[in-house]
Amino acid sequence: MKNLLFIFLFLSQIVYSQDFKAVKSQKINIKNNEQIFFPKLSPDGKKILFTKQNFNGLYLYDLKNKKIVQISDKQGAGYCPVFSENGKELFFRENEYEGMRKISAIYSYNIEKKTKTIIEAKNRNVSVPKVSGDKLFYTLDGEAKNSTLKNSSKSNNIWTFIERQKIVLYNKDVKKILTPNGEGNYIWVSLSPDKKRILYTFAGHGTYISDLNGKIISDLGYLNAPVWYNNDWVVGMKDYDNNYKFTSSDIFAVSSDGKKQINLTDTKDIIELYPQCSAQNKKIVFHTAKGEIYCLKIKE
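For the structure given in this document, a descriptive report is provided here.

## Considerations on the overall build of the chain
A count of helices and strands for the chain gives one helix and 26 strands. Over its C-alpha atoms the chain spans a radius of gyration of 19 Å, differing by no more than 12% from the 19 Å that the globule rule assigns to 300 residues. Summarising its shape, the C-alpha atoms of the chain cover approximately 65 × 45 × 45 Å along the three principal directions. Going through the 300 residues of the chain one by one, you find that 46% of them count as buried. Within the chain, residue pairs in contact and separated by at least 24 positions form 35% of the contacts whose partners lie at least 6 positions apart. When the accessible surface of the chain is split by element, carbon and sulfur atoms take 48% of a total near 16200 Å². Charge separation in the chain, taken as the distance between the mean sites of 46 positive and 31 negative side-chain charges, equals 3 Å.

## Observations regarding the environment of serine 249
Here serine 249 lies in strand S22 (residues 246-255). Overall, serine 249 belongs to the buried group, its relative accessible area being 3%. Residues within four places of serine 249 in sequence aside, it is in contact with Met237, Lys238, Asp239, Ile270, Ile271, Glu272 and Leu273. From its side chain, serine 249 meets the backbone oxygen of glutamate 272 in a polar contact 2.6 Å long.

## A look at the sheet that holds strand S17 (residues 197-202)
Strand order in the open sheet formed by four strands is S16-S17-S18-S19, and the pairing between neighbours is antiparallel. This sheet does not close on itself; its edge strands, each paired only once, are strand S16 (186-191) and strand S19 (216-221). Averaged over all neighbouring strand pairs, the angle between strand axes comes to 20°, with direction disregarded. Sheet topology note: the S16/S17 ladder contains four bridges and is antiparallel. In the strand pairing of S17, isoleucine 187 is matched with threonine 201.

## Focus on the pattern of salt bridges
Enumeration according to the criterion identifies 10 salt bridges in this entry. Residue glutamate 292 pairs with lysine 27 through a salt bridge whose shortest N-O separation is 3.2 Å. Placement of glutamate 292 in the loop between strand S25 (283-288) and strand S26 (293-299) and of lysine 27 in strand S1 (residues 21-28) is noted, with a sequence separation of 265 residues between them. When the shortest N-O distance is used, the salt bridge between glutamate 98 and arginine 101 registers 3.7 Å. Judged by relative accessible area, arginine 101 falls into the partly exposed class, the value being 40%.

## Observations concerning the packing of aromatic side chains
As enumerated under the stated definition, the model contains 16 aromatic pairs in all. For the pair tryptophan 159 and phenylalanine 161, a centre-to-centre distance of 5.1 Å together with 25° between the ring planes defines the contact as stacked. Here the two residues tryptophan 159 and phenylalanine 161 agree in accessibility, since each one is buried. Ring plane angle 5° and centroid distance 5.7 Å describe the contact between phenylalanine 286 and tyrosine 294, whose orientation is recorded as stacked. Tyrosine 294 carries the same exposure label as phenylalanine 286, and that label is buried. Members of the aromatic cluster, connected to one another through ring pairs, are Phe38, Phe55, Tyr79 and Tyr274. For the cation-ring pair, lysine 116 lies above tyrosine 107, with the distance from its terminal atom to the ring centre recorded as 4.4 Å.

## Quick look at the state of the cysteines
Applying the stated rule across the entire model yields zero disulfides. For the unlinked cysteine cysteine 80, the closest cysteine sulfur is that of cysteine 277, found at 14 Å. The class of cysteine 80 is partly exposed, set by a relative accessible area of 35%. We note that cysteine 295 lacks a disulfide partner, and the nearest cysteine sulfur, in cysteine 277, lies 11 Å from it. On the basis of relative accessible area, cysteine 295 is assigned to the buried category, the value being 11%.

## So, the environment of glycine 184
Assignment of secondary structure puts glycine 184 in the loop between strand S15 (174-178) and S16. Measuring from C-alpha to C-alpha, the distance between glycine 184 and glutamine 165 comes to 7.1 Å, with 19 residues separating the pair along the chain. Apart from the residues within four sequence positions on either side, glycine 184 is in contact with Gln165 and Phe202.

## Some remarks on the pairing of strand S9 (residues 115-123)
Note: strand S8 (residues 101-110) against S9, six bridges, orientation antiparallel. Considered in S9, the bridge of tyrosine 107 is made with isoleucine 118.

## With respect to the nonpolar core
In terms of nonpolar packing, the biggest core is built from 19 residues, with Phe20, Tyr229, Val235, Leu264, Ile284 and Ile298 touching the most fellow members. Of all the elements in the fold, those that place two or more residues in this core are strand S20 (224-228), strand S21 (233-241), S22, strand S24 (272-278), S25 and S26. Among all residues touching phenylalanine 20, those that are not within four sequence positions of it are Tyr229, Trp233, Ala253, Ile262, Leu264, Ile298, Lys299 and Glu300.

Rules of the game
Residues numbered from 1 in each chain as written. Predicted model: local features only at pLDDT ≥ 70, side-chain atom pairs only at ≥ 80, totals over all residues. Heavy atoms only, no water. Helix = DSSP H or I, 4+ residues; strand = E, 2+ residues; numbered from the N terminus. Rg over C-alpha atoms; globule rule 2.2 N^0.38 Å. Buried < 20%, exposed > 50% of the residue type's maximum accessible area, 1.4 Å probe, protein only. Contact = heavy atoms within 4.5 Å. Areas by Shrake-Rupley, 256 points an atom, 1.4 Å probe, with all protein chains shown as cover. Lys, Arg positive; Asp, Glu negative; His and termini not counted. Charge placed at Lys NZ, Arg CZ, Asp CG, Glu CD. Polar contact = N/O pair within 3.5 Å; in protein donor to acceptor, adjacent residues only side chain to side chain. Pairing = 2+ DSSP bridges. Axes fitted to C-alpha atoms, helices over the stretch in contact; angles between N-to-C directions. Salt bridge = Lys/Arg side-chain N within 4 Å of Asp/Glu carboxyl O. Phe/Tyr/Trp six-rings, centres within 6.5 Å; stacked < 30°, edge-to-face > 60°. Lys NZ or Arg CZ within 6 Å of the ring centre and 35° of its normal. Disulfide = S-S within 2.5 Å. Core = buried A, V, L, I, M, F, W, Y, C linked by side-chain atoms within 4.5 Å.

Spelled out as structure tokens, the structure:
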């Protein structure tokens, strides 16, 4: 029994001692002298979604032919858009204002046909959409909505989001409200690729991983805007400011047990922010405080 335990611990150390590092950093020159933000890679790693200041507009850039397609020019369209699993569609929310009232609608966009279709008509209290397998999820006035997507793997109907500063988990249409660290402000929540763990930040305290019942599994420390790279690694930013603007920031990878941290950028003159990952393509994209987009090539 002792020998088996030793072997298990030894193998665990091998897994987390493997190299995880950025072997190449490349600036993506999409629009000259124009600030762009919040890039997101398509599932095949061949295209990049991006937006402008304050999430205005949504654009798709083809890394091969260098062409840009404008998907939307509306407010909020660049906030948390998502690709379908097969990368053929993307989903996003647009905002408009009627006086002081915000009205939102959800749309799909077929990348090949370049067609836009409304999913949820203009309404109040519409969440941003999320995709899990063959399901598109969102909420309307706090009520869960979903629709089935074509040509995608079957969903296990588990998804999570933030509602009134708390974590909400839907598991087979059963809603559960989670506060693993007690009362406070929860942000940046997401499910692990295997749908067995929840990644989140408890504002003012740090970033954590819990199980689906809200039991804390690991403490990742100070790490903002965290996203899953794969089931073993989380990527985020360690940023600092002077209450007015960012003064420094680097992109870090942290093992999901919280025991290992790796600075992937380690620059003194660039403020790297808000990473997004594609483990399948071994890439991480992010924007800088100057509105530039970079892509990191990862070696595992």
